[in-house]
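Single-letter residue listing:
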Amino acid sequence: GEKFREGTYEIESVRRGYALELAVDLTRMAGGPRGFGGQANNDPIKPVPFQELADVSKNWPTGNIVARIGDYMSRPHQKWTITDAPDTTGYLGGPYYKIVVTGTERALAATADGEVITIPNFTGSPEQLWRIDQLIDGTYRIMPKVVPNSNKKLALISSGDSTPTLAEFDFNSDNSKWNFKAY
């Protein structure tokens, strides 16, 4: 029953444990060849630094980008910052939230087709505002304030292994439930 805590998170589907992410081409992490088919490298093994947003975002499309679900690899396109949405009244139990890719204004949004995309800039329009409710089993329901051209109340759902979509919430289905893992 507590208000959701603002922060930076991995948004993880309970269905399979996959992370919500931008559908962008994977940018390889820095690192050199080691063994197997290449020349043996006897240098000491060093940790590979995390990718930075600036290293990968230059390759992202400039317009809308579809959301998908994939293996979590601590990449910039899988990190979401969730904050109270400015200038909104909220709902019984909490405010509406702004969900953006960390370090950007690229916002999660609902479409009239009941799909989930990211748009280049958060404007505060109703389809970009999200309700986050903790359920009695400790997981979360994520719902857009509005689905354009629809009167239905829909929730973020994991459909299959790689597709987030909007559909009616079903408490008995792990497809309807999400976890937030803080950074």
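Residues numbered from 1 in each chain as written. Predicted model: local features only at pLDDT ≥ 70, side-chain atom pairs only at ≥ 80, totals over all residues. Heavy atoms only, no water.

Another point: the pairing of strand β2 (residues 19–22). The two faces of β2 match: A19 and E21 on one face and L20 and L22 on the other face are all buried. Where β2 meets strand β3 (residues 65–70), four bridges bridge the pair, whose relative direction is antiparallel. Bridge pairing in β3 links E21 to R68. (Buried < 20%, exposed > 50% of the residue type's maximum accessible area, 1.4 Å probe, protein only. Helix = DSSP H or I, 4+ residues; strand = E, 2+ residues; numbered from the N terminus. Pairing = 2+ DSSP bridges.)

Right, let's talk about the side chain of D133 for a bit. Mapped onto the elements, D133 comes out in strand β8 (residues 129–134). D133 gets classed as buried once you look at its relative accessible area, which sits at 12%. A polar atom in the side chain of D133 sits 2.8 Å from the side chain of R131. Setting aside residues up to four positions removed in sequence, D133 forms contacts with Y91, T139, Y140 and R141. (Polar contact = N/O pair within 3.5 Å; in protein donor to acceptor, adjacent residues only side chain to side chain. Contact = heavy atoms within 4.5 Å.)

It is worth spelling out the nonpolar core at this point. Counting 39 residues, the largest nonpolar core has I11, I82, I99 and F180 as its most contacted members. Once residues within four sequence positions are removed from consideration, F180 is found in contact with F4, Y9, E10, I11, I82, I132, Y140 and I142. (Core = buried A, V, L, I, M, F, W, Y, C linked by side-chain atoms within 4.5 Å.)

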